[in-house]
Amino acid sequence: MASCVSGCSPVMRFCQKLNRLKTLDDDVMATSLKRCLNTVDLALLGVGGMVGSGLYVLTGTVAKDTAGPAVVISFLIAGVASLMAALCYAEFGARVPKTGSAYMFTYVSVGEIWAFLIGWNVILEYMIGGAAVARAWSGYLDSIFNHRIQNFTESHVMRWEVPFLAHYPDLLAAAILLVASFFISFGVRVSSWLNHIFSAISMVVIVFILVFGFILADPVNWSAREGGFAPFGLSGIMAGTATCFYAFVGFDVIAASSEEASNPQRAIPAATAISLGLAATAYVLVSTVLTLMVPWHTLDPNSALSDAFFRRGYSWAGFIVAVGSICAMNTVLLSNLFSLPRIVYAMAEDGLFFSVFSRVNPVTKVPVIAILVFGSLMAILALIFDLEALVQFLSIGTLLAYTFVAASVIVLRFQPDKSSGSSGAGGVKTDASSTPSGNQSGQQMDLSVAANEAQTFAQDGGELKEYESFSDKLQLVERQKAGKEKRAPGMLKARWEPYLGRLLGDCEPGEVVAFSVLALMVSGVSLSAVLVFGNNQLHLPVWSFTLLLVIFSVVFLLSLALISVHEQRPNLKTFQVPLVPFIPGFSILLNVFLMLKLSPLTWIRFTVWVAAGLLVYFGYGIWHSKEGLREQQGQDVAARYVVLPSGSLVETVQNVQPEGHTHSTHTSTVDNPPASR
C-alpha cells in the first residue's frame, strides 16, 4: 500500500502543477499599464468589436438564405443568448480587473493548463479574425474601384494557384494591418481616439441607413405575396440565430481592457451592457429596414445594403454605406489589434509565454513588442492565406472561451475560502533543537502544554483550525463563533439541511459543487451531442433519442439544482451575474451546442492547434510559470497557526529542506487577547 502511495505521489504532484491557480496581488488595481479608459471609451471599444462587417454582410446573407425577414427575431434571440456570456465577462472584469480576459478568468478559478489553452486559442482567434477583416476591408475597397487593385496585383506582382492560399498577395490588407499596429503602439489613448473617430462615422452612417431606409420601407415586402415574415419557419429562425450569434463576438475586448480602465468595478459592467444593447439595437433595426426596402429573396448577400439603395434609385446612398462599412471594419481591426497583444502580455507576465512579450514601453505604457510582432504575423496571414476556409475556425475558440468563463463564474462563486480549511492535530510539531537558547526552557514548557492540549482535543474528536498567517488568525478568531452560525461558501444552505443533510452533510465545502460542475459539463456535452448527431449521423430510433434527451436533461437540471442549494460567496460591491448557476449553466449548454454544430474539419484544425499549444506549455510555460516559482519559494519556510480550545495560538514554523534532509521545526505558543477567548 505504501509503495502504491509513493508511486502515485509524483503523478499527483504533476496534476497539482497543471491545475494550480493564479494568486492575485492584494492590490488588484496595481499595474504597469496606464489606467485611463472610462465607460464611454470601453463601450465604444465593445461596439467597434461587434458592429463591423457583419452589419453590412451578415444581415443580407441570413435574410436571403436562412430566415427571411424573421432575421429580426434571429438577431433578437442571439442578442439575449450573447447577454448570458457577456454578464459572466462583466462580473470577472469588475472583480479581477486584470488584462487577459478569458485566460485570466480561467487561471484564477479553474487551473493553469486550462487557462493556457484558452489563451492559446484566443490568440489564434484574434489573429485569424484580424486578418479576415483586413481582407474583407481590402476587397470592399477594391470593389468600389471596380477591382482595379486586384487586377493590377495579379498582372504586375504575382498570381499563384496553391490550395489554402489566396490567388494573389493582398498587399493592401497587409499594409492596413501594419499601419494600424504602428498607431496602436503609440499608446491606449491613441487607440481609443482612433476608435472614437471610426465608431462615430460608423454610427452616423447607421443612423442615415435607418432614417432613409424607413422612408423607403414598403410593408408589402413582409406580406404573404413575397413569402411572408418567416418563410423558413421556426427552424429557419433558430438556424439564423446560430449564425447571428457570431455577430456579437467582440464584447470580450471590454474585459480584456479592464487593466487599463480607470474605474473597472463600475465601468466594465456598464460598458458591457451599453455596447451589447447598442449592437443588438443596430442589428435588429438595420435588418428590419433592409427586408422592408426590397423583397428578401432578391437581396445581394455580398453587399445587401448598398445594393438595396441602388435598386431603389439612390446610388449615391450606396457610396455612403460603403464609407460606413469601411469605418466599421476599421473598428473591428482596432479591436483585434488592441486585444491580442494584451492576451499575449498577460500570458508572458505570468511566465506561461515568452517573457520578451511582457515588456511594457515606459513612455507609451503598452506592450510594444507584442503589438508589433503579432501585428506583423497578422499581416502575413492576410497577405498570403485564403482565409475563407479558416473563418469558421474563429467560432470554436470563442465558444470555448465563453464556456470556460461561464464555468469559472460558478466555481469562483461557490469556492470556499482557503483560510477556512481545517486540519487534524498532526499539524503541531515540536523540536527543542530549533528554539533559541535564551528562552528555551520557558518555550519548551509552553510547547509541552500546547502539544498535550492539542493531543487531548484531537482524541476527543475535535478539530484544530489552521491558518496561513497570524493576521488572518486574529481576525478569524473574533468571528469564529459567528462563523458557526453563518455558513461558509460551498456549504449546504441551512434551509436544505433537514432534507439533504444526511446525504450531503459530510462533504467538504465546495466538494459537491465541484462534482456538480463536472456533471453539468458532461451532461451538457452529451445532451448537445444527442441533439446535433442523434437523428442525422447516429440515426437513433425515436424511443432511444427521447430517452437519451430525458436522461441528460434531468442530469443537467439536477446538477444546477445541487449547485443552487449551496451557499455562495457574500455579495460584493462589484457587479455579479444574477441567477447563478442558471444563467452560466444555460450559457454553457448553448456554447457547447454551437461548437458541436461546427464542421469536422474545424475540429481537426482545433486539435492540431491545441497540440502545438501543449508543446509550448510543456516546453516553456510549465517551467517558467510564476505560480510554480512562488510555490518553490513558499516551500522553503512553512508556517501554520493553530487555535487550541483554551484560546491559545500555536505558531509552527518549518524549514523545508531538500529530500533526504531532516526538517527543522520551531513552535511557539501565544495567548489570544481576552476579547478573542
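What counts, and at which threshold
One numbering rule holds for all chains: residues counted from 1, following each sequence as written. Side-chain atom pairs in this predicted model are given and counted only at pLDDT of 80 or more, local residue features only at pLDDT of at least 70, and totals for whole chains, interfaces and linings cover all residues. Water and hydrogen atoms were dropped before computing side-chain values, which therefore reflect all heavy atoms in the structure. For helices the rule is a DSSP run of H or I covering at least 4 residues; for strands it is a run of E covering at least 2, with both sets numbered from the N terminus onward. For every residue, the accessible area obtained with a 1.4 Å probe (protein chains only) is divided by the maximum for its type, and the residue is called buried under 20%, exposed over 50%, and partly exposed between those limits. Two residues qualify as a contact provided that any one of their heavy atoms is within 4.5 Å of a heavy atom in the partner residue. We get accessible surface area from the Shrake-Rupley algorithm with a probe of 1.4 Å; when it comes to residues, only the shown protein chains can shield them. Distance and chemistry together define a polar contact, namely a pair of N or O atoms within 3.5 Å, with one atom able to donate a hydrogen and the other to accept it when in protein, and with adjacent residues in sequence counting only for side-chain atoms on both sides. In what follows, salt bridge is the name for a side-chain nitrogen of Lys or Arg lying within 4 Å of a carboxyl oxygen of Asp or Glu. In this description, a nonpolar core means a group of buried Ala, Val, Leu, Ile, Met, Phe, Trp, Tyr and Cys residues linked to one another through side-chain atoms lying within 4.5 Å. Planes of paired rings set the category: under 30 degrees apart is stacked, over 60 is edge-to-face and the rest tilted, where pairs are Phe, Tyr or Trp rings (Trp by its six-membered ring) whose centres lie within 6.5 Å. The quantity called pLDDT is the predictor's confidence in a given residue, expressed from 0 to 100. Given a helix with a known number of residues, its expected span is that number minus one, times 1.5 Å. All axes are obtained by fitting lines to C-alpha atoms, using only the stretch in contact for helices, and the reported angles, taken between N-to-C directions, cover 0 to 180 degrees. Should an angle lie under 35 degrees it is considered roughly parallel, over 145 roughly antiparallel, and from 65 to 115 roughly perpendicular; all remaining angles are considered oblique. Crossing handedness is defined as follows: a turn of the near helix away from the far one that is anticlockwise and smaller than a right angle gives a left-handed crossing, while the clockwise case is right-handed. In this classification, the charged set is Asp, Glu, Lys and Arg, the nonpolar set is Ala, Val, Leu, Ile, Met, Phe, Trp, Tyr, Cys and Pro, and all remaining amino acids, among them Gly, are polar. Excluding any residue in a salt bridge, patches collect residues exceeding 30% relative accessible area, merging like charges within 9 Å and nonpolar Val, Leu, Ile, Met, Phe, Trp and Tyr side chains within 5 Å.

A. Looking closely at the overall build of the protein. Tallying secondary structure elements over the protein gives 25 helices and 5 strands in all. The proportion of buried residues among the 677 residues of the protein is 49%. Pairs at least 24 apart in sequence give 80% of the contacts found in the protein among residues at least 6 apart. Of the accessible surface of the protein, which amounts to about 30900 Å², a share of 65% is contributed by carbon and sulfur atoms.

B. Expanded view of the side chain of T331. Take T331: it is sitting in helix α14 (residues 315-349). The class for T331 is buried, based on a relative accessible area of 1%. Polar contacts involving the side chain of T331 include one to the main-chain carbonyl oxygen of A328, which spans 2.5 Å. If we ignore the near neighbours within four places in the chain, the residues touching T331 are G48, V51, N195, F198 and S199.

C. Expanded view of the pattern of salt bridges. Evaluated as defined, the whole model comprises 9 salt bridges. For the salt bridge of E112 with R20, the shortest nitrogen-to-oxygen distance reads 2.9 Å. In this pair, E112 sits in helix α6 (residues 112-144) while R20 sits in the loop between α1 (2-18) and α2 (39-50), placing the two residues 92 residues apart along the sequence. For the pair shown, E112 and R20 are each scored as buried. A salt bridge links E91 to R413; the nearest nitrogen and oxygen atoms lie 2.7 Å apart.

D. Representation of the environment of M491. Here M491 lies in the loop between α19 (480-485) and α20 (497-504). For M491, a relative accessible area of 30% translates into the label partly exposed. In this structure, the C-alpha to C-alpha distance between M491 and V512, residues 21 residues apart in sequence, is 8.7 Å. When neighbours within four sequence positions are excluded, M491 is seen to be in contact with P509, V565, H566 and E567.

E. Molecular detail of the nonpolar core. Within the largest apolar cluster, 146 residues are counted, with the highest numbers of intra-cluster contacts made by Y56, Y89, F248 and F353. Ranked by size, the runner-up nonpolar core spans 13 residues in total, among them L37, L42, A43 and L45.

F. Examining the packing of aromatic side chains more closely. Applying the stated rule across the entire model yields 35 aromatic pairs. Judged by centre distance (6.2 Å) and plane angle (85°), the ring pair of Y314 and W316 falls under edge-to-face. Given the relative accessible area of 28%, Y314 is considered partly exposed. Overall, the relative accessible area of 47% leaves W316 in the partly exposed class. Here the aromatic rings of F354 and Y620 are separated by 4.9 Å at their centres, their planes lie at 55°, and the arrangement is tilted. Of this pair, F354 sits in the loop between α14 and α15 (368-384) while Y620 sits in helix α24 (residues 600-624), and the two are 266 residues apart along the sequence. With a relative accessible area of 36%, F354 lands in the partly exposed category.

G. The arrangement of the environment of V363 in detail. With respect to the element layout, V363 can be found in the loop between α14 and α15. Using a relative accessible area of 71% as the deciding quantity, one classes V363 as exposed.

H. Structural detail: unusual backbone geometry. With omega at 15°, the peptide bond leading from V580 into P581 counts as cis. Checked against the element boundaries, P581 lands in the loop between α22 (542-564) and α23 (582-596). For K365, which is not glycine, the phi dihedral falls at a positive 60°. By the secondary structure assignment, K365 is in the loop between α14 and α15.

I. View of the confidence of the model for the protein. Looking at the protein, pLDDT values average 80 and 80% of them are 70 or higher. Highest mean pLDDT in the protein belongs to α22 (95); lowest belongs to strand β1 (residues 422-423) (38). Note that pLDDT drops below 50 for residues 656-677; the model gives that stretch 55 contacts with residues more than four away or on any other chain.

J. Summary view of α23. Taking 1.5 Å of rise per residue, the 15 residues of α23 would be expected to cover 21 Å, and the 21 Å separating its terminal C-alpha atoms lies within 8% of that figure. Most of α23 sits out of view: 11 of its 15 residues are buried. Taken residue by residue, α23 has I583, P584, G585, S587, I588, L589, N591, V592, L594, M595 and L596 as its buried positions.

K. Fine view of the packing of α6 against α15. Between α6 and α15, whose axes approach to 8 Å, the crossing angle comes to 50°. The orientation of α6 with respect to α15, classified from their angle, is oblique. Of the two possible hands of crossing, α6 and α15 adopt the one that is right-handed. Here I123, Y126, M127, I128, G130, A131, A134 and R135 of α6 come into contact with α15, specifically with F374, L377, M378, L381, A382 and L383. Residues that form the contact of α6 with α15 fall into these classes: 12 nonpolar, 1 polar and 1 charged.

L. Looking closely at a nonpolar patch on the surface. On the surface, I144, F145, I149, I197, I201, F319 and V323 cluster together to form a nonpolar patch covering roughly 590 Å² of accessible area. Of all elements in the fold, only α9 (188-215) and α14 reach the threshold of two or more residues within the nonpolar patch.

M. Representation of the environment of T281 within the structure. Relative to the elements of secondary structure, T281 occurs in helix α12 (residues 264-293). Considered as a pair, T281 and L76 are 205 residues apart in the sequence and their alpha carbons are 8.5 Å apart. Within the local environment of T281, its side chain forms a polar contact with the backbone oxygen of G277, the two atoms lying 2.7 Å apart.

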